[in-house]
Amino acid sequence: MITCNNKQFELFLTSEAIQNRLKELCQQINQEYADKKPIFLGILNGVFRVVGDAFNYIDIECEVSFVKLKSYEGTQSSGNLTTMIGLDTDLEGRHIVLLEDIVDTGRTLHKFLPELEKKNPASVAILTLLNKPDAMEHDIPMKYIGFKVPNNFLIGYGLDYDGWGRQHNDIYTIVED
Ligand SMILES: O=P(O)(O)OC[C@H]1O[C@H](OP(=O)(O)OP(=O)(O)O)[C@H](O)[C@@H]1O
Ligand SMILES: Nc1nc2[nH]cnc2c(=O)[nH]1
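Each chain has its residues counted from 1, following the order in which its sequence is written. Ligands are numbered from 1 and chains lettered from A, in the order in which they are written. Residues qualify for local features only when their pLDDT is at least 70, as the model is predicted, and side-chain atom pairs are given and counted only at 80 or more; totals for whole chains, interfaces and linings, by contrast, use all residues. Just so you know, side-chain values use all the structure's heavy atoms and leave hydrogens and water out.

Operational definition: UniProt positions are given in the numbering used here, feature names are shortened, and annotations may be inferred rather than shown by experiment.
In the nomenclature of an unreviewed UniProt entry, the protein corresponds to Hypoxanthine phosphoribosyltransferase from the organism Aureispira anguillae. Regarding the protein, the relevant UniProt record gives this comment under Sequence similarities (unreviewed entry): "Belongs to the purine/pyrimidine phosphoribosyltransferase family." In UniProt, the protein has this text filed under Pathway (unreviewed entry): "Purine metabolism; IMP biosynthesis via salvage pathway; IMP from hypoxanthine: step 1/1."

Below is the structure:
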C-alpha cells in the first residue's frame, strides 16, 4: 500500500512485468519498422517513462519528438484537451508511432489524431502501455497494447494524481475513490 495526495493505492503491475512487455512490443516494432525510419511521437507528460525505457529496446534508425497535451484533473478526465506544446516536426510522408502511457476514455487521441492527419503522414500506429477497454468512448485503433486493465484510477510509472506519484517504478491502483 502507498499513499499519494491523501489517497491510498495498492500494487497493480510490477516494474518487471512492465519492462518485459515493453521489450516484447519494441522488438515487434524493430521488425515491422526496420526500413521505415519512423518518428516516435510521445504525448507528454505521462509518457516520459515509457519513452525512456522503450529506447532501451528500440534499435532501428528513427527520430523522436513530443507534444504535450493535458485532459486529466484529479482522478477524472476534464473532457477538455489543452495543447501545452504542439506539433513542431515536419511529418509529411513519415511513418509515425504514437506513444502513450494510457488510453482511458480515448478522448485525448480522438481529439489529437485529426490534428496529426492534417500533417499528411504516411502512416500512424499507436503504442500504449495501458488501455481501459471498459472506459473507451471512441473507437481508437491501437496496434500495440501493453496491458488491458480494469476501469480504475492508476498511478506510478509516469501516471500521476494531480502531478504526484509519477516516480514509482511499479503501477498502483486506487483503493478508495
Ligand atoms: O484516454 P483519455 O481518457 O483521454 O486519457 C489518456 C490521457 O490521460 C493522460 O494524460 P493527462 O491528461 O493525465 O496528462 P499528463 O500526461 O500530463 O498526466 C495520459 O497520458 C493520456 O494522454
Ligand atoms: N494517473 C492517471 N492518469 C490517467 N489518465 C487517464 N487515465 C488515467 C489513470 O487511470 N491514471
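1. Overview of the sheet that holds strand β2 (residues 7–13)
Strands in a sheet are paired, the pairing made by backbone hydrogen bonds, and the direction either parallel or antiparallel. So the rule is basically this: DSSP calls a pair of strands paired once it identifies at least 2 bridges connecting them. Only DSSP runs of H or I with at least four residues qualify as helices, and only runs of E with at least two residues qualify as strands; both kinds are numbered from the N terminus onward.
Taking strand neighbours across the sheet as the criterion, the 4 strands line up as β1-β2-β10-β9 in an open arrangement whose pairing is antiparallel. At either end of the open sheet lies a strand with only one pairing partner, and these are β1 (2–4) and β9 (154–155). Note that β9 and strand β10 (residues 171–174) share 2 bridges and pair antiparallel. Within β10, the position partnered with Ile-155 by the bridge is Tyr-172.

2. Remarks on the site of ligand 1
Basically, it comes down to this: Here a residue is near a molecule or strand as soon as one of its heavy atoms is found within 4 Å of it. Between N or O atoms, a polar contact is any pair within 3.5 Å; within protein, one atom must be a potential hydrogen donor and the other a potential acceptor, and residues adjacent in sequence are included only when both atoms are from side chains. Accessibility throughout is a Shrake-Rupley quantity obtained with a 1.4 Å probe, and a residue counts as covered only by protein chains that appear here. Here the term charged refers only to Asp, Glu, Lys and Arg, the term nonpolar to Ala, Val, Leu, Ile, Met, Phe, Trp, Tyr, Cys and Pro, and the term polar to all other amino acids, Gly among them.
The environment of ligand 1 is made up of 18 residues, and the closest members are Ser-71, Glu-100, Asp-101, Thr-105 and Thr-108. Interatomic distance of 2.8 Å between a backbone N/O atom of Gly-46 and an oxygen atom of ligand 1. Backbone polar atom of Asp-104 to an oxygen atom of ligand 1: 2.9 Å apart, as the coordinates give it. Within the complex, 96% of the 500 Å² of free accessible area of ligand 1 lies under protein. Those elements that place two or more of their residues in the shell around ligand 1 are β4 (63–73), β6 (95–103) and α3 (107–117). Across the shell around ligand 1, the residue classes tally to 5 nonpolar, 6 polar and 7 charged.

3. A short note on the confidence of the model for the protein
Regions with low pLDDT carry predicted coordinates that are not meant to be interpreted in detail. Heads up, the rule is: Here pLDDT means the predictor's own confidence in every residue, given as a number from 0 to 100.
For the protein, the average pLDDT comes to 94, and 99% of its residues sit at 70 or higher. Interface confidence for the predicted complex, expressed as ipTM, amounts to 0.98; the pTM equals 0.96.

4. Let's talk about the nonpolar core
When a protein is soluble and globular, its nonpolar side chains tend to lie buried together. Rules: We define a nonpolar core as any set of buried Ala, Val, Leu, Ile, Met, Phe, Trp, Tyr and Cys residues linked to one another through side-chain atoms lying within 4.5 Å. Whether a residue is buried, partly exposed or exposed follows from its accessible area with a 1.4 Å probe, protein chains only, as a fraction of its type maximum: under 20%, in between, or over 50%, in that order. Only heavy atoms enter the contact rule, under which two residues are in contact if any of them lie within 4.5 Å.
Counting 30 residues, the largest nonpolar core has Ile-29, Leu-127, Leu-129, Leu-130 and Ile-171 as the members making the most contacts within it. Of all the elements in the fold, those that place two or more residues in this core are α1 (15–32), β3 (39–44), α2 (48–54), β6, β7 (123–131) and β8 (144–148). With 5 residues, the single largest contributor to this core is α1. Those residues in contact with Leu-129 that sit more than four places away from it in its chain are Ile-18, Val-50, Glu-100, Asp-101, Ile-145, Gly-146, Phe-147, Tyr-157 and Ile-171. By size, the runner-up hydrophobic cluster in this structure holds 17 residues, among which are Leu-69, Leu-113, Met-142 and Ile-145.

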